[in-house]
Amino acid sequence: MRFFKYSFAAVIGLLPCSVVRADLLNLNYDAPSQTYTIQKFNTTTGSTTDLHSFQSPYGTCAGCSFVDEYNGKFYVGGSTGFAIYDVEDNSIEYVDRPSGGFLQRAFPWSGDSIISEKENGELHIGENSAVFKEENGREKFWAQDVNGKSIPIDITNGSKLLINGRDVEQSINNVGALSAALTGLPTVPTDTTFACGLGTGSHGGDFAFSGGCASKVNEKLSINYAASMTMPGQDYAGDLEDKFSARAGFIWKLGKSSKSSLISMKEKEKMEAKINMLKENNKEIISQNKDLIARLERLEKIAFIETKSKDLATIKLP
């Protein structure tokens with residue numbers, strides 16, 4: 001019995017990253033049954049998974065098989081043709097050798113690959129790399145320069161960074177606008193037991209409006225509640241709950257009040273009694289003033305009459 005085994009690495013860009021990073025493809029040939037089997041080999045666990053089995057009508061040919069890196073295909077050569085395995089579709093196509101025995105195919109890239117996998121599991125794209133690494137159940141992503149130093153990632157030229165369909169930059173602006181709108185609403189009523197208001201806010205060019213009320217239950221307890229919402233018509237703003245913000249709270253005054261304007265009932269009664277007494281005294285003073293004014297007027301009349309016939313010094317007062 002003869003048994004041939006060929007192995008080739010999956011070409012980066014032709015398979016999903018999960019396959020590229022940890023899997024190879026094996027080509028096994030069983031001579032007695034003349035059957036080829038394409039297997040996926042996991043380099044981490046050592047396990048194999050059969051993907052496709054076939055019998056080539058062209059037989060076998062040593063050194064006639066090759067990988068088409070550009071199209072993601074593996075050519076299993078025979079004496080008169082090729083069985084072509086498509087990596088992406090997991091399918092087999094049979095093609096006869098052309099006249100003269102030559103087969104045109106893409107020339108393999110001879111320069112530096114822009115995609116490389118490091119021994120630590122990092123997948124690098126470009127010399128100034130965008131780096132991906134799966135670790136502890138998470139896919140990590142960062143960028144670094146040619147010296148391996150981490151550098152910022154700038155989403156620019158009009159592109160938007162979305163998370164679950166939401167524009168991240170717009171979401172940040174919305175949070176600022178929603179919070180600013182809420183700050184314009186009452187938290188404690190002052191001259192009344194109940195107060196309501198409307199507000200608006202802006203951040204980064206995004207706007208929000210709000211409404212809320214505050215209620216003074218008693219001298220110790222006050223409650224307030226409010227809600228704000230972003231302006232409609234935003235792109236990539238998410239669902240309704242992503243455009244809405246609300247708050248509720250209460251204020252409970254502890255300890256003895258330090259306000260000098262607050263007085264006890266007894267002090268209030270004393271002050272009212274003093275005020276009433278002052279009012280009575282004021283009435284009495286006004287009455288006395290009226291009597292004095294009347295007497296003064298009479299004296300003026302007498303003085304005026306007497307001065308016509310006698311010297312002012314001889315005038316006797318009644």
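The model shown is predicted, which means the values in this text are computed figures rather than measured ones.

**Student:** I would appreciate a short explanation of the overall build of the protein in the present structure.
**Tutor:** A tally of helices and strands in the protein yields 3 helices and 19 strands. Within the protein, the fraction of its 318 residues that count as buried is 25%. Partitioning the intrachain contacts of the protein with sequence separation of at least 6 by distance along the chain shows that 36% fall at a separation of at least 24. As presented, the protein carries roughly 22500 Å² of accessible surface, and 55% of it is formed by carbon and sulfur atoms.

**Student:** Explanation requested: the packing of aromatic side chains in the structure shown.
**Tutor:** The relation between two aromatic rings is expressed through the spacing of the ring centres and the mutual angle of the planes. The full count for this structure, using the stated rule, is 7 aromatic pairs. Ring centres 5.9 Å apart and planes at 80° place the aromatic pair Y75 and F82 in the edge-to-face group. The class of F82 is buried, set by a relative accessible area of 4%. Aromatic rings pair up to connect Y29, Y36 and F54 into one cluster.

**Student:** Got a minute to help me understand the environment of I115 in this structure?
**Tutor:** If you trace the backbone, I115 turns up in strand 9 (residues 115-117). Take I115: its relative accessible area is 21%, and that puts it in the partly exposed class.

**Student:** Would you mind showing me how to read helix 2 (residues 168-183) here?
**Tutor:** In an α-helix, one turn spans 3.6 residues; hence positions three or four apart end up facing the same way. With 16 residues, helix 2 should cover 22 Å at 1.5 Å per step; its first-to-last C-alpha distance of 23 Å lies within 8% of that length. What helix 2 keeps buried is the set Q170, S171, N173, N174, A177, L178, A181 and L182. Structurally, helix 2 contributes buried residues whose contacts are with strand 15 (166-167), strand 16 (194-203), strand 17 (206-216), strand 18 (221-230) and strand 19 (244-252). The backbone nitrogen of E169 has a side-chain oxygen 3.1 Å away, supplied by the residue at the start of helix 2, namely D167.

**Student:** Help me out: how do you make sense of a nonpolar patch on the surface in this one?
**Tutor:** A surface patch of nonpolar side chains, about 760 Å² in accessible area, is lined by F194, V217, I223, Y225, F250, W252 and L254. Among the elements of the structure, strand 18 and strand 19 are those that each provide at least two residues to the nonpolar patch. Positionally, L254 belongs in the loop between strand 19 and helix 3 (265-306). On the basis of relative accessible area, L254 is assigned to the exposed category, the value being 69%.

**Student:** I would appreciate a short explanation of unusual backbone geometry in the present structure.
**Tutor:** Glycine aside, residues mostly have negative phi, and peptide bonds are mostly found in the trans state. For N90, which is not a glycine, the phi torsion comes out positive at approximately 55°. Of note, N90 is situated in the loop between strand 7 (81-86) and strand 8 (91-96).

**Student:** Sorry if this is basic, but what is going on with the state of the cysteines here?
**Tutor:** Per the stated rule, a full pass over the model turns up 2 disulfides. A disulfide bridge connects C61 with C64, and the sulfur atoms are separated by 1.8 Å. The class of C64 is buried, set by a relative accessible area of 16%. At a sulfur-sulfur separation of 2.0 Å, the disulfide partner of C196 is C213. Between C196 and C213, the S-S torsion sits near 100°, and that sign places the bridge as right-handed.

**Student:** Please clarify how the sheet that holds strand 13 (residues 150-151) should be interpreted in this entry.
**Tutor:** Within a sheet, neighbouring strands are paired by backbone hydrogen bonds and run either parallel or antiparallel to one another. Spatially, 5 strands are ordered 9-10-11-12-13 in an open sheet, and the strand pairing comes out antiparallel. Edge positions in the sheet fall to strand 9 and strand 13, since each has one partner strand and no second. Pairing analysis gives 2 bridges linking strand 12 (residues 138-144) to strand 13, with the strands arranged antiparallel. The residue bridging Q144 from the neighbouring strand is S150, located in strand 13.

**Student:** It is not clear to me how the pairing of strand 2 (residues 23-30) should be interpreted in this structure. Could you clarify?
**Tutor:** Note on strand geometry: in a regular strand, side chains alternate between the two faces of the sheet. For strand 2, the tally of buried residues reaches 6 of 8 residues, placing the bulk of the element in the interior. The antiparallel pairing of strand 2 with strand 3 (residues 35-42) creates a hairpin that spans 4 residues between the two strands, and Q34 there sits at a positive phi of about 50°.

**Student:** Sorry if this is basic, but what is going on with the sheet that holds strand 17 here?
**Tutor:** Pairing is antiparallel in the open sheet, where 4 strands are placed in the order 16-17-18-19. The open sheet has two edge strands, strand 16 and strand 19, and neither has a second partner. Taken pair by pair, the neighbouring strands of this sheet meet at an average axis angle of 15°, ignoring direction. Inspection of the sheet shows strand 17 paired to strand 18 by 9 bridges, in the antiparallel sense.

Thresholds, definitions, all that
- Residues numbered from 1 in each chain as written.
- Predicted model: local features only at pLDDT ≥ 70, side-chain atom pairs only at ≥ 80, totals over all residues.
- Heavy atoms only, no water.
- Helix = DSSP H or I, 4+ residues; strand = E, 2+ residues; numbered from the N terminus.
- Buried < 20%, exposed > 50% of the residue type's maximum accessible area, 1.4 Å probe, protein only.
- Contact = heavy atoms within 4.5 Å.
- Areas by Shrake-Rupley, 256 points an atom, 1.4 Å probe, with all protein chains shown as cover.
- Phe/Tyr/Trp six-rings, centres within 6.5 Å; stacked < 30°, edge-to-face > 60°.
- Expected span 1.5 Å × (residues − 1).
- Polar contact = N/O pair within 3.5 Å; in protein donor to acceptor, adjacent residues only side chain to side chain.
- Patch = residues over 30% accessible without salt bridge, like charges linked within 9 Å, V, L, I, M, F, W, Y side chains within 5 Å.
- Salt bridge = Lys/Arg side-chain N within 4 Å of Asp/Glu carboxyl O.
- Disulfide = S-S within 2.5 Å.
- Pairing = 2+ DSSP bridges.
- Axes fitted to C-alpha atoms, helices over the stretch in contact; angles between N-to-C directions.

Limitation: the analysis is restricted to geometry and does not speak to function.
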